[in-house]
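Residue strings, one per chain:
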Amino acid sequence: MADSSVAETTTGASSPPVASDENSTQIQPIRMPTIEEIRAQEVWNNCAVRAVTSGVMGGGLGLMMGLFLGALDNPITHDTMTARQQFVFTAKQMGQRSWNSCKTFAVMGLVFSAAECIVEKARAKHDTVNTAIAGCVTGGSMSARGGPKAACIGCAGFATFSVLIEKFFDRHT
């Protein structure tokens, strides 16, 4: 008794009793998802929705990259061109480059996302192998016009790039 009164007088206030196990954590109740959250998840799990979304986002990225890189191009100007003609020429070149980049990145995003989603659903696993397969499909299909050798190199290159990016962002642990 004397010890507790001495402790109260030295600290000035009594503290609440401390549990014997200070490292114990409280268990929080699990919150069940609402019906809207479940429906949104079902929509996003659709491979077509994923592919189209990735295609649109890839197209937007390609458009921005085309505008940026098109502005950096050193246009061929003739001494006979006025400033207005040079501006129009540069604007047309930027527009063409932006549109080509937009189409390329849109197709790339659509094919990669669709391939990864389909492979993931078929394998019922979410790992780096899906990324490698999707990268191979994307690289091979994007470079198929160059023949079988170009398709194989595109497959290997894009698969390697996809896996490296996947490891860099460490999505699948």
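About the criteria used
Residues numbered from 1 in each chain as written. Predicted model: local features only at pLDDT ≥ 70, side-chain atom pairs only at ≥ 80, totals over all residues. Heavy atoms only, no water. UniProt positions renumbered as here; feature names shortened; annotations may be inferred. Helix = DSSP H or I, 4+ residues; strand = E, 2+ residues; numbered from the N terminus. Buried < 20%, exposed > 50% of the residue type's maximum accessible area, 1.4 Å probe, protein only. Contact = heavy atoms within 4.5 Å. Areas by Shrake-Rupley, 256 points an atom, 1.4 Å probe, with all protein chains shown as cover. Disulfide = S-S within 2.5 Å. Phe/Tyr/Trp six-rings, centres within 6.5 Å; stacked < 30°, edge-to-face > 60°. Expected span 1.5 Å × (residues − 1).

An unreviewed UniProt entry annotates the protein chain as Mitochondrial import inner membrane translocase subunit TIM22-4 of Arabidopsis thaliana x Arabidopsis arenosa. Checking UniProt for the protein chain, the heading Subcellular location (unreviewed entry) contains the comment "Mitochondrion inner membrane".

So, the overall build of the protein chain
Secondary structure summary: the protein chain contains six helices and zero strands in total. For the protein chain, buried positions account for 23% of its 173 residues. Restricting the contact set of the protein chain to residue pairs at least 6 apart, pairs at least 24 apart contribute 62%. Accessible surface for the protein chain amounts to roughly 12900 Å². Of this, 65% is attributable to carbon and sulfur atoms.

Some points on the state of the cysteines
On inspection of all chains with the given rule, the structure shows two disulfides. A sulfur-sulfur separation of 2.0 Å characterises the disulfide bridge that pairs Cys 47 with Cys 117. Torsion about the S-S bond of the Cys 47 and Cys 117 cystine: about -80°, corresponding to left-handed handedness. In this pair, Cys 47 is assigned in helix H3 (residues 47-72) and Cys 117 in helix H4 (residues 83-123), connecting sequence segments 70 residues apart. Given a relative accessible area of 2%, Cys 117 falls into the buried group. Counting only the cysteines that take part in disulfides, in the order they occur along the protein chain, gives the pairing 1-2, 3-4.

Structural notes on the environment of Glu 166
Within the secondary structure, Glu 166 sits in helix H6 (residues 148-169). By relative accessible area, which is 9% here, Glu 166 ends up buried. The spacing of Glu 166 and Asp 127 is 39 residues in sequence and 9.6 Å in space, taken between C-alpha atoms.

Comments concerning the packing of aromatic side chains
Using the criterion set out here, one finds three aromatic pairs in the structure. Arranged with centres 5.2 Å apart and planes meeting at 70°, the rings of Phe 168 and Phe 169 form a pair that is edge-to-face. The burial state of Phe 168 is the same as that of Phe 169; both residues are exposed. Grouped by ring-pair contacts, the aromatic residues Phe 112, Phe 158 and Phe 161 constitute a single cluster.

Considerations on H4
Here H4 contains 41 residues, and its C-alpha end-to-end distance of 59 Å stays within 8% of the 60 Å for a straight helix at 1.5 Å per residue. Where H4 is concerned, the buried positions are Ser 98, Ser 101, Cys 102, Gly 109, Ser 113, Ala 114, Ala 115, Glu 116, Cys 117, Val 119 and Glu 120. Ala 124 sits one or two positions beyond H4 and adopts a positive phi of about 60°.

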